[in-house]
Amino acid sequence: MKAIHLILTGAVGLLVGALAGVPERRTDSAASSPSGPNPSAQDRPQLDRALAFPSDNARIVRLFSALQEPLALKKRFQLFEALRDLTAQDLPALARHVESFAYIPRSELLPTLVDRWFELDFEAAQSWMLARPKEFMSIKAWATVNPEAALREALAMQSDWRATSLLGAAISQLAGEDPAAQAARLRTLPRSELRDGVFQGVLAAWAKIDPAAAYASLAEIPPGQTQDAARDGVLREWAERDPAAALAQINVLLPTLKAGVLGNELITDLADRIGKKNPQLALEWLSTLPVEFRDAPAIAAARGWAVKEPAAALEWCVENGVDVARGHRNGFNGWQAGVLGEALAAQPAATIAWLEVRPAGPDRDRLLERALEDSFWRVPKEQLFDQGTAFAMRLFEQLPPESQERTATALGRKRAEQGDLTDLGVWAQNFASGPARANAVAGAIGAAYERDASRVETLLASTASTADRDAALRGLAETMSKATPAGAAIRALTITDSAVRRETLDAVVTGWLKRDPETARTWLRNAAAIPEAWKQTWK
């Protein structure tokens, strides 16, 4: 009886929520009622359709009348009473009527009625559900009212996509919420793909309470993908609660595990979880593993260590052959910053100090460049160019010329994105003449244009050097080229240096011809300032 009362109470809540947006008759008292403002007129047909249900049945009339009550609490009470008074004979026609509604009101109202139907006539409601394989919202009521019948039906309809939810709900009703009791009840059922899938979910819940016991029950699932997935889920929970025990068990499994290009996903995930709490334990364990299992998990574990002790974590990685610049795989397609990136985010000053004392050579240069690129999105922006820290400039200035040329555009963009760049000429003085300076200026004005195009002329006027102005015009034209290619081409034509002018114009026009060849060719024909020889190369 208690279960039926809970279902009916929940059904009323769903119905009230579903009808919160259904129009109500406006009365003087409704104007200040807590039921909220009147819904829009476009919702009116939903209620009109409901009220159009032909019936002289007082119970059904009472139900639809309750929908019009403007006071929320009163409406809730009236709906509870109306639903309680419905009979099994009322429900078939009501269900058919609501089935004809549009998707949203149908999906909100129909489960409420079917839940009540299960209480009043279980067999009829079950037959109705079985005849409608797309319905699933009343599965909980199905299992609550008669869990044994629901269990039998779930086993009989194993190919039905709802069978897993129905069996799981029935087991919860029969065995309670204790995963151990649920597992015991599942053991009494014949093995099948359905039963194994539900068992996997029970083990996942059990692992949160007693991972060792859950792990000991894995044999209830036959060897294969389902068992492997259940095992991995239990081990992940185990690693959160008792890392040493989880690592002992993974060592037993190690001969059966395979390593791919990125190592083994389970080992990497365990190292990541344990590394956030006890990185030394995780790294000590990893040092005992075969090399093919080691690199990706070591990155995962050392990332957590790097947050607290960047220099120590980075040094450990170098000594153990772990690339601190390599990213961390997160899921199938996700990547996160590597050990170096995590260290920079947590303690940029200490991390940069560690980099600066590395032995000179290609590896140090590579790490400095990686650190600069990571700093653009990992270090707080106010610390990148602030006079007291200027971490971005500090890293950039230690790069070799070819690295500076590669990173200068991004550096300039990051500087302008802060919004306080007012003098492009002064910014350019941070760099020696050459490609890196030109790229830094181009990147800065491009980002400034994207942030606030009205400031571009002021920034251009601040450049006294012809080379700096040409670089700025190049960056401006490249940034404008997709949205306003004609304007970009006009900007490119004002570049003083002929080689830079031709290179920039070529980039703008080539892209324009690919996106909108007809408009681009028309513009070129009328562009008297462009030499005919150049036009011929773009045909």
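Remember, it's a predicted structure, so these values are computed and weren't measured experimentally.

Trainee: Explanation requested: the packing of aromatic side chains in the structure shown.
Mentor: Ring pairs (aromatic) are described by centroid distance and by the angle formed between their planes. Under the criterion given, the structure shown has nine aromatic pairs. Judged by centre distance (5.5 Å) and plane angle (50 degrees), the rings of F118 and F122 are tilted. Classification of F122 by relative accessible area gives buried; the value is 10%. Consider the rings of W427 and F431, whose centres lie 5.1 Å apart with planes at 80 degrees: the pair is edge-to-face. For W427, a relative accessible area of 4% puts it in the buried group. You can call F431 buried: its relative accessible area is 6%. Chaining the aromatic ring pairs together yields one cluster made of F385, F396, W427 and F431. For the cation-ring pair, R378 lies above W377, with the distance from its terminal atom to the ring centre recorded as 5.3 Å. We note R415 situated over the ring of F385; from NZ or CZ to the ring centre the distance is 5.8 Å.

Trainee: So what exactly am I meant to see when it comes to the pattern of salt bridges here?
Mentor: One pass over the full model with this rule turns up 37 salt bridges. A salt bridge links R132 to E99; the nearest nitrogen and oxygen atoms lie 2.7 Å apart. Within this pair, whereas R132 is found in the loop between α7 (122-130) and α8 (139-145), its partner E99 is found in helix α5 (residues 91-99), the two being separated by 33 residues in sequence. The salt bridge partner of R415 is D420, with a shortest N-O separation of 2.7 Å. You can call D420 partly exposed: its relative accessible area is 45%. Look at the salt bridges and you will find they share partners, linking R236, E240, D269, R273 and K277 into a network.

Trainee: Looking at this structure, how should I read the side chain of R162?
Mentor: In this structure, R162 sits in the loop between α9 (147-156) and α10 (163-175). Every residue in contact with R162, bar those within four places of it in the chain, is listed here: M129, L130, R132, P133, E135, F136, I139 and M157.

Trainee: Mind showing me how you'd approach the environment of F122 here?
Mentor: Assignment of secondary structure puts F122 in helix α7. Here the alpha-carbon distance between F122 and N146, two residues 24 residues apart in the chain, equals 7.7 Å. Not counting residues within four places of it along the chain, the set of residues in contact with F122 comprises W117, W142, V145, N146, A149 and A150.

Parameters and conventions
Residues numbered from 1 in each chain as written. Predicted model: local features only at pLDDT ≥ 70, side-chain atom pairs only at ≥ 80, totals over all residues. Heavy atoms only, no water. Phe/Tyr/Trp six-rings, centres within 6.5 Å; stacked < 30°, edge-to-face > 60°. Buried < 20%, exposed > 50% of the residue type's maximum accessible area, 1.4 Å probe, protein only. Lys NZ or Arg CZ within 6 Å of the ring centre and 35° of its normal. Salt bridge = Lys/Arg side-chain N within 4 Å of Asp/Glu carboxyl O. Helix = DSSP H or I, 4+ residues; strand = E, 2+ residues; numbered from the N terminus. Contact = heavy atoms within 4.5 Å.

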